[in-house]
Amino acid sequence: LDGGATDDGKAGGLAGPGDRTVVALMRQLGAVVLVGAGTVRIENYSGAQFSPAQRQARQRRGQAEVPPIAVVTNRGVFDHDAKLFTRTEVPPLILTSAAVAEDTRSRLGSVAEVIDASGADSDGVDAATILKILADRKLFRVLTEGGPQFLGLLIDDGLLDELCLTIAPLLVGGAAPRFTTGPGAVHTPMRHSHLLTDDAGYLYTRYVRNG
């Protein structure tokens, strides 16, 4: 309620059963889950886990049974024992800079597909390039789960079309960060599309960008 996006350093500490259900439903509908490397490490991401019924529903929609996890990273540094690589059916896509792509590819080997996602700056990744790479693979419905820096990059570049934000009935105080951050200020008008609540006091919101 006070704007903090983490509890004890993790976003998961704010979640309730309803929030987890909403996130699971969005994952079931997404073509790809796009997330920053810092969030992957902090939250210890694994590959998407679906039931047989959920897989069949995706097949009926013309989707792959399991969406890949696409990780955005400037440095390409990962623990080989991370669940991202050991608890997944689909090798993750590692979207990194041209400067480290070849080295990252040689270190990770067959556990991931490493892709150069740089724009004009070979030392960093470019949000528009990332979305083009995914679109070229027919991955059009992109669900991004953070973290703050990557969400800030999408917002700065005008590339975030929808925002699904859960407001937890908690006060966390301290130095908890916002859910997005970035070097510059933007002014992006949004309009509310859905507002839901539950008996636990959570508020589930969906905002769509105007224009």
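Residues numbered from 1 in each chain as written. Predicted model: local features only at pLDDT ≥ 70, side-chain atom pairs only at ≥ 80, totals over all residues. Heavy atoms only, no water.

## Re unusual backbone geometry
Selection criterion: Every helix listed is a DSSP run of H or I at least four residues long, and every strand listed is a run of E at least two residues long, numbered separately from the N terminus. Partly exposed describes any residue whose relative accessible area lies between the buried limit of under 20% and the exposed limit of over 50%, with all areas from a 1.4 Å probe on protein chains only and scaled to the type maximum.
The step from G146 to G147 runs through a cis peptide bond, and the omega angle for that step is 0°. Along the chain, the position of G147 falls in the loop between β5 (142–144) and α7 (148–156). Within the chain, N44 stands out as a residue other than glycine whose phi angle is a positive 55°. Relative to the helices and strands, N44 resides in the loop between α2 (37–43) and α3 (52–60). Classification of N44 as partly exposed rests on a relative accessible area of 39%. Residue K138 is not a glycine yet carries a positive backbone phi of 65°. In this structure, K138 sits in the loop between α6 (127–136) and β5. K138 gets classed as exposed once you look at its relative accessible area, which sits at 63%.

## What to know about the pattern of salt bridges
Convention followed: A side-chain nitrogen of Lys or Arg and a carboxyl oxygen of Asp or Glu constitute a salt bridge if their distance falls within 4 Å.
A full pass over the atoms with the stated rule returns nine salt bridges. Residue R55 pairs with E89 through a salt bridge whose shortest N-O separation is 2.3 Å. Of this pair, R55 sits in helix α3 while E89 sits in the loop between α4 (83–86) and β3 (93–96), and the two are 34 residues apart along the sequence. For R55, a relative accessible area of 15% gives the class buried. Note that D136 and K132 form a salt bridge whose closest N and O atoms lie 3.0 Å from each other. Of this pair, D136 and K132 are both found in helix α6, four residues apart, which corresponds to roughly one turn of the helix. On the basis of relative accessible area, D136 is assigned to the exposed category, the value being 53%.

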